[in-house]
Amino acid sequence: ELPDVESPIGFITSPADWSSITGIFDVRVSAVDNVGIDKVELFLDGLLFGEQTDNPYNFIIDSNLYTNENHTIYAKITDTSQNFSFSQLVNIRIDN
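Report follows, based on the coordinates. Remember, it's a predicted structure, so these values are computed and weren't measured experimentally.

1. Some remarks on the overall build of the protein chain
The secondary structure content of the protein chain amounts to zero helices and nine strands. Seen in sequence order, the protein chain has helices and strands lined up from the N terminus as β-β-β-β-β-β-β-β-β. Residue burial in the protein chain is summarised as follows: out of 96 residues, 40% are buried. Contacts in the protein chain between residues far apart in sequence, at least 24 positions, make up 61% of those at least 6 positions apart. Working note: accessible area of the protein chain is about 5,500 Å², and carbon and sulfur atoms make up 51% of it. For the protein chain, the distance from the average position of its 4 positive side-chain charges to the average position of its 15 negative side-chain charges is 6 Å.

Shown next as structure tokens:
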């Protein structure tokens with residue numbers, strides 16, 4: 001059997017880039033792989049926010065815990081063979 005060398009593909013479907021955020025919001029990540037997804041990790045301002053191992057890959061964030069300014073989010077998608085890729089970088093503006 002050939003090893004799985006194909007990286008997964010993932011992207012943040014919500015929120016949209018440069019969204020203005022208030023209160024509690026969802027970050028939704030879509031992830032696919034030719035064999036299977038092991039985990040999806042979400043990063044906020046470059047720091048690990050959380051990890052999901054089951055689809056749907058949704059993360060709930062309370063924006064009241066963050067400063068009223070621009071922030072970045074992205075996801076790291078890892079497949080069952082430990083190949084990985086990153087989603088696009090999404091900019092958000094927290095405005096509570």
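There is more to say, and it comes next.
2. What to know about the side chain of S87
Secondary-structure assignment places S87 in the loop between β8 (84–86) and β9 (90–94). Discounting residues that sit within four places of it in the chain, S87 has contacts with G10, F11, I12, Y74, A75 and I77.

3. Here's the deal with the packing of aromatic side chains
Counting across every chain of the model gives three aromatic pairs. Seen from their ring centres, Y74 and F86 are 5.9 Å apart, and the 65° between their planes marks the pair as edge-to-face. Of the two residues, Y74 sits in strand β7 (residues 70–79) while F86 sits in strand β8, which places them twelve residues apart along the sequence. Counting every residue linked through ring pairs, the aromatic cluster contains F43, Y74, F84 and F86. For K76, the ring lying beneath its charged end belongs to F84, and the centroid distance is 4.4 Å.

4. Some words on the nonpolar core
Across soluble globular proteins, you tend to see nonpolar side chains buried next to one another. The biggest cluster of nonpolar side chains holds 19 residues, and the ones touching the most others in it are V27, V29, V40, I73 and I92. Secondary-structure elements contributing two or more residues to this core are β3 (24–32), β4 (37–44), β6 (57–62), β7 and β9. Apart from residues no more than four positions distant in its own chain, I73 is found in contact with I12, P15, V27, F43, L44, Q88, L89, V90 and I92.

5. A short note on the pairing of strand β5 (residues 47–52)
In the case of a regular strand, side chains alternate between the two sheet surfaces. Two strands pair when backbone bridges link them, and β4 and β5 are joined in this way by five bridges, in the antiparallel orientation. The partner of L42 across the bridge, within β5, is G50. The antiparallel hairpin formed by β4 and β5 contains two residues in its connecting segment, where D45 sits at a positive phi of about 55°.

6. Let's talk about the environment of E69
Here E69 shows up in the loop between β6 and β7. On the basis of relative accessible area, E69 is assigned to the partly exposed category, the value being 38%. C-alpha separation for the pair E69 and D95, spaced 26 residues apart in sequence, amounts to 6.9 Å. Residues within four places of E69 in sequence aside, it is in contact with I92, R93 and I94. A polar atom in the side chain of E69 sits 2.7 Å from the side chain of T67.

What counts, and at which threshold
Starting afresh in each chain, residues are numbered from 1 along the sequence in its written order. Local features in this predicted model are restricted to residues of pLDDT 70 or higher, and side-chain atom pairs are both shown and tallied only at a pLDDT of 80 or more, whereas totals for entire chains, interfaces and linings draw on every residue. Derived side-chain values reflect all non-hydrogen atoms in the structure, with water molecules and hydrogen atoms excluded from consideration. Runs of E in the DSSP output that reach at least two residues are strands. Runs of H or I that reach at least four are helices, and both are numbered from the N terminus. Type-normalised accessible area, obtained with a 1.4 Å probe on protein chains alone, sets the label of each residue: buried when under 20%, exposed when over 50%, and partly exposed for intermediate values. For this analysis, residues touch if any pair of their heavy atoms sits within 4.5 Å. Computed with a 1.4 Å probe, the accessible areas rest on the Shrake-Rupley method; for each residue, only the protein chains presented here act as cover. We score Asp and Glu as negative and Lys and Arg as positive, and we do not count His or the chain ends. Working definition for charges: the position is that of NZ of Lys, CZ of Arg, CG of Asp or CD of Glu. Ring geometry is summarised as follows: Phe, Tyr and Trp rings, the Trp one being its six-membered ring, pair when their centres sit within 6.5 Å, and such pairs are stacked at plane angles under 30 degrees, edge-to-face over 60 and tilted between the two. In our convention, an over-ring charge means Lys NZ or Arg CZ found within 6 Å of a ring centre and within 35 degrees of that ring's normal. Take the buried Ala, Val, Leu, Ile, Met, Phe, Trp, Tyr and Cys residues and link them wherever side-chain atoms come within 4.5 Å; each set so joined is a nonpolar core. Two strands make a pair as long as DSSP finds a minimum of two bridges between them. Polar contact is defined as a pair of N or O atoms within 3.5 Å, subject to the rule that within protein one atom must be able to donate a hydrogen and the other to accept it, and that residues adjacent in sequence are counted only when both atoms are side-chain atoms.

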